[in-house]
Amino acid sequence: MGEVELSCLAYVKMYLHGCLFPRCSVNGLLLSSSPAGGTVCVTDCVPLLHSHLPLAPITQLALTQVDVWCAQTQQRIVGYYQANACVSDNSPTPCALKIADKIAEQCNNAVLLMIDGGKMSPDYRVPPIVMYERKDTRWTLKDKHTIMLRQWEETREIASQLLDSGDHSLLVDFDSHLDDITRDWTNQKLNAKIAELSSPANGNV
């Protein structure tokens with residue numbers, strides 16, 4: 001597999017998902033709006049669960065609904081992310097490997113991204129992520145030099161601003177949507193807020 005590019009939108013939402021439920025394991029799906037082949041561009045993510053991660057029926061329901069939504073919005077599922085409840089543990093769990101394997105059946109260049117909870121401070125100088133790629137039947141650590149997060153300083157600043165203002169509470173994961181189906185798991189409000197903060201008018205590009 002070649003390079004993986006992570007957008008500001010995808011990173012900020014993953015980061016806020018972890019911050020919103022700091023004592024829980026959280027997970028979600030990585031999406032791309034770019035065609036298959038070449039660099040994997042992760043352009044967005046869908047936060048899924050913050051409880052009962054290994055519960056297969058809920059995961060399957062979420063995968064099915066996200067698949068339908070992706071077909072309607074010209075996107076595709078290209079990976080999976082997870083942050084473990086224990087901040088010192090950033091190893092993929094059996095649940096993470098199982099879901100990532102399922103995604104890899106449909107996407108040759110699928111990636112598995114673990115968030116390093118021990119490095120999630122806004123002051124941390126590099127993205128707190130560990131990425132895996134599938135080689136043969138195993139998930140192996142990906143060379144960090146092939147992972148790109150453009151404008152990292154600006155992305156980190158946007159995440160910090162949303163956290164400080166309390167706007168991270170706008171984030172809705174699939175779990176929260178199941179509790180109240182009026183809540184939007186596609187996170188259009190939060191997406192608009194991130195786009196606004198990253199616009200050239202605000203000094204970010």
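Below, the structure is looked at part by part. (Residues numbered from 1 in each chain as written. Predicted model: local features only at pLDDT ≥ 70, side-chain atom pairs only at ≥ 80, totals over all residues. Heavy atoms only, no water.)

Here we look at the packing of helix α1 (residues 8-20) against helix α6 (residues 188-197)
Interaxial distance between α1 and α6 falls to 10 Å at its minimum, and their mutual angle equals 120 degrees. Taken together, the axes of α1 and α6 lie oblique to each other. As for how α1 packs across α6, the hand of that crossing is right-handed. Residue-level contacts link Cys8, Leu9, Val12, Lys13 and Leu16 of α1 to Leu190, Asn191 and Ile194 of α6. Here the residues of the contact of α1 with α6 sort into six nonpolar, one polar and one charged. (Axes fitted to C-alpha atoms, helices over the stretch in contact; angles between N-to-C directions. Helix = DSSP H or I, 4+ residues; strand = E, 2+ residues; numbered from the N terminus. Parallel < 35°, antiparallel > 145°, perpendicular 65-115°, else oblique. Left-handed = near helix turned anticlockwise from the far one by under 90°. Contact = heavy atoms within 4.5 Å. Nonpolar A, V, L, I, M, F, W, Y, C, P; charged D, E, K, R; others polar.)

Overview of helix α3 (residues 94-106)
Relative to the 18 Å expected for 13 residues at 1.5 Å per residue, α3 spans 19 Å between its end C-alpha atoms, a close match to the ideal helical length. If you check which residues of α3 are buried, you get Cys95, Ala96, Ile99, Ala100, Ile103 and Ala104. Within α3, the buried residues cover an arc of 165 degrees as seen down the axis, which keeps them to one side. The exposed set on the far side of α3, more than 90 degrees from its buried face, consists of Pro94, Lys98 and Glu105. For α3, the secondary structure elements touched by its buried residues are β2 (26-32), α2 (56-72), β5 (76-83), β6 (111-115), β7 (129-135) and β8 (138-141). (Expected span 1.5 Å × (residues − 1). Buried < 20%, exposed > 50% of the residue type's maximum accessible area, 1.4 Å probe, protein only. Arc of directions from axis to C-beta.)

A few points about the sheet that holds β6
With mixed pairing, the six strands of this open sheet are ordered in space as β4-β2-β5-β6-β7-β8. The open sheet has two edge strands, β4 (44-49) and β8, and neither has a second partner. Along the sheet, successive strands turn relative to each other by an average axial angle of 30 degrees, direction set aside. With five bridges joining them, β2 and β4 adopt antiparallel strand pairing. (Pairing = 2+ DSSP bridges.)

Notes on unusual backbone geometry
One non-glycine residue, glutamine 74, adopts positive backbone phi at about 55 degrees. Structurally, glutamine 74 is set in the loop between α2 and β5. Of note in the backbone geometry, aspartate 136 takes a positive phi value of approximately 60 degrees without being a glycine. Checked against the element boundaries, aspartate 136 lands in the loop between β7 and β8. Classification of aspartate 136 by relative accessible area gives exposed; the value is 75%.

A word on the nonpolar core
Counting 62 residues, the largest nonpolar core has Leu6, Val12, Leu29, Leu30, Val66 and Leu113 as the members making the most contacts within it. The element best represented in this core is α1, accounting for eight residues. (Core = buried A, V, L, I, M, F, W, Y, C linked by side-chain atoms within 4.5 Å.)

What about the pattern of salt bridges?
In this structure the tally under the stated criterion is nine salt bridges. Lysine 119 serves as the salt-bridge partner of aspartate 116, at 3.6 Å between the closest nitrogen and oxygen. On the accessibility criterion, lysine 119 (34% relative accessible area) is partly exposed. Between glutamate 133 and lysine 142 there is a salt bridge, with its nearest N and O atoms 3.6 Å apart. Lysine 142 shares its class with glutamate 133; the two are buried. Through salt bridges with shared partners, a single ionic network connects Arg125, Glu153 and Arg156. (Salt bridge = Lys/Arg side-chain N within 4 Å of Asp/Glu carboxyl O.)

These values are about where atoms sit, not about what they do.
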